[in-house]
Each structure stands twice: as C-alpha cells, then as structure tokens.
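Commentary on secondary and tertiary structure
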Amino acid sequence: AAGVIQSPRHLIKEKRETATLKCYPIPRHDTVYWYQQGPGQDPQFLISFYEKMQSDKGSIPDRFSAQQFSDYHSELNMSSLELGDSALYFCASSYGQGAQETQYFGPGTRLLVL
Amino acid sequence: LAKTTQPISMDSYEGQEVNITCSHNNIATNDYITWYQQFPSQGPRFIIQGYKTKVTNEVASLFIPADRKSSTLSLPRVSLSDTAVYYCLVGARNTGGFKTIFGAGTRLFVKA
C-alpha cells in the first residue's frame, strides 16, 4: 500500500540558510500534519492542512511557513535556520470519518543545522 | 484537547504481557483514544483506536472503562522488537480541529 513520502530524507544546512521539506500524502487523504521531533523529545505539532487550507497551528516559529498544493502535497519552508532547528521533521496524512481519524506518518526528514 | 498522563518508562521480559495505562480525566464526549508506537528515528505508527469498552486487533487490545477517564493498552507476549515509545492520544477530528498533541510517551524496554 502507498505510504506517506517525504523528501529529502536528510538535509544539512548552515545557520541562517533556508530549507524546504516536502511531503506527499497517501492518495485520497485530505489532511496533512507537520511535526518536529528533537533528540530525545516527543513529537511537537507544528501545523496542519485540511483540503488545502491551513486548519490549525501549533508551536511553529514565525520563521517557518507551510502550504498545501492543489495536488495535496505539502511543503514546509524554514528560513533563517538556527542550530536549534536540528531535528526530525515528520509529515502525517489522514482521512477522517466523522470524529475518528488515524494518522499515517512518513519516514521523516532529518535536518542538521551547522 | 484532553491532556494525557502515562508512565515515563516500563520494563518487561520477552513473552510477558505488558499493560500501559493512560489517564485522560478531561476526555470529551466525542473524543477517541488512539495509541501509537514509535521506534528510534522512525515516524509513529498507529497501533489501535477505541471509543469505549474493549477493542482488539492482531497487535494489541485496548481496554476503556465506562467513565473513559483512562485506557489501558495491552500487548500480549512482548518480544525484543516491541521495545519502543508508546503514545496515548485523545481527540476528535471534527470537534477538536486538526491539532494533535503528543504527550510524554511511555518508553518500554523488553529484555531477553
């Protein structure tokens, strides 16, 4: 079965550079979530999109922005990178039926800021 | 969003049954309870979901008492490969929006 695809899988950037992470949800899923997970920490919700519209925001820095395109893929844009942005970034997609939902996570993008 | 509380860590031995309890005193009427498993450097993976009473699948069972203020994930006969972090999440898609909060999960260590 098709899974969530994230690219790139690994990314190395310098401080103050920009990075773009991409997420391709499972076909027919209508919701995309982005999470950040630092070393030894639990996943932190950043932002979500439902039917290509931003639906909720979590602890996403102002330096980050995201969007979902007409083909439902999503991109997380990160500017003025800081050392503390080094983390695993997960994308998840879901298709809800009423109140019930299961999120399917991608393999993640490991970002290292030097 | 209902806050959840789980034990920080648990130890077990291969072949034993493991029960991880999650407290969610402020669960709302529409909320579902979902458990995810996460291995190091991998994305969380769905294990099981329930609303009330008992749910069982090929991997685990989920027990939810009548007041729904807690839930217990039961893993039968664990193996070394079940060593992972387990997260309990509570929420509802259409009334809670699309914000998912992962609390501090339970780190399960399975020993030989």
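What counts and how
Residues numbered from 1 in each chain as written. Chains lettered and ligands numbered in written order. Predicted model: local features only at pLDDT ≥ 70, side-chain atom pairs only at ≥ 80, totals over all residues. Heavy atoms only, no water. Pairing = 2+ DSSP bridges. Helix = DSSP H or I, 4+ residues; strand = E, 2+ residues; numbered from the N terminus. Axes fitted to C-alpha atoms, helices over the stretch in contact; angles between N-to-C directions. Salt bridge = Lys/Arg side-chain N within 4 Å of Asp/Glu carboxyl O. Buried < 20%, exposed > 50% of the residue type's maximum accessible area, 1.4 Å probe, protein only. Contact = heavy atoms within 4.5 Å.

1. Here's the deal with the sheet that holds strand 3 (residues 32-38) of chain B
All names here are of chain B. Taken in spatial order, the 5 strands make up an open sheet running 1-9-8-3-4, and their pairing is mixed. Looking along the sheet, the strands with just one partner apiece sit at the ends: strand 1 (9-13) and strand 4 (45-50). Geometrically, the sheet is characterised by an average inter-axis angle of 25° between neighbouring strands, direction not taken into account. Looking at chain direction, strand 3 and strand 4 are connected through 5 bridges and run antiparallel. Counterpart to Tyr36 in the pairing with strand 4 is Phe46.

2. Brief notes about the pattern of salt bridges
Two side chains that carry opposite charge are able to pair once their charged atoms sit near each other. For the structure on display, the rule yields 5 salt bridges over all chains. With its nearest N and O atoms 2.9 Å apart, the salt bridge here joins Arg63 of chain A to Asp85 of chain A. Taken together, the residues Arg63 of chain A in the loop between strand 6 (53-57) and strand 7 (64-68) and Asp85 of chain A in the loop between strand 8 (74-78) and strand 9 (87-94) connect sequence positions 22 residues apart. Judged by relative accessible area, which is 4%, Asp85 of chain A ranks as buried. As a salt-bridge pair, Asp11 of chain B and Lys111 of chain B come within 3.4 Å of each other at their nearest N and O atoms. With Asp11 of chain B in strand 1 and Lys111 of chain B in strand 9 (residues 106-111), this residue pair connects regions lying 100 residues apart in the sequence. Put simply, Arg63, Glu82 and Asp85 of chain A are held in one network by salt bridges that share partners.

3. Side note on the environment of Phe49 of chain A
All names here are of chain A. Following the sequence through the fold, Phe49 ends up in strand 5 (residues 44-50). Given the relative accessible area of 3%, Phe49 is considered buried. Counting along the chain gives 18 residues from Phe49 to Thr31, while the straight-line C-alpha distance between them is 5.5 Å. Excluding its chain neighbours within four sequence positions, the residues that come into contact with Phe49 are Asp30, Thr31, Val32, Gln54, Ser55, Ala66, Gln67, Gln68 and Ser74.

In short, geometric facts, not functional conclusions.
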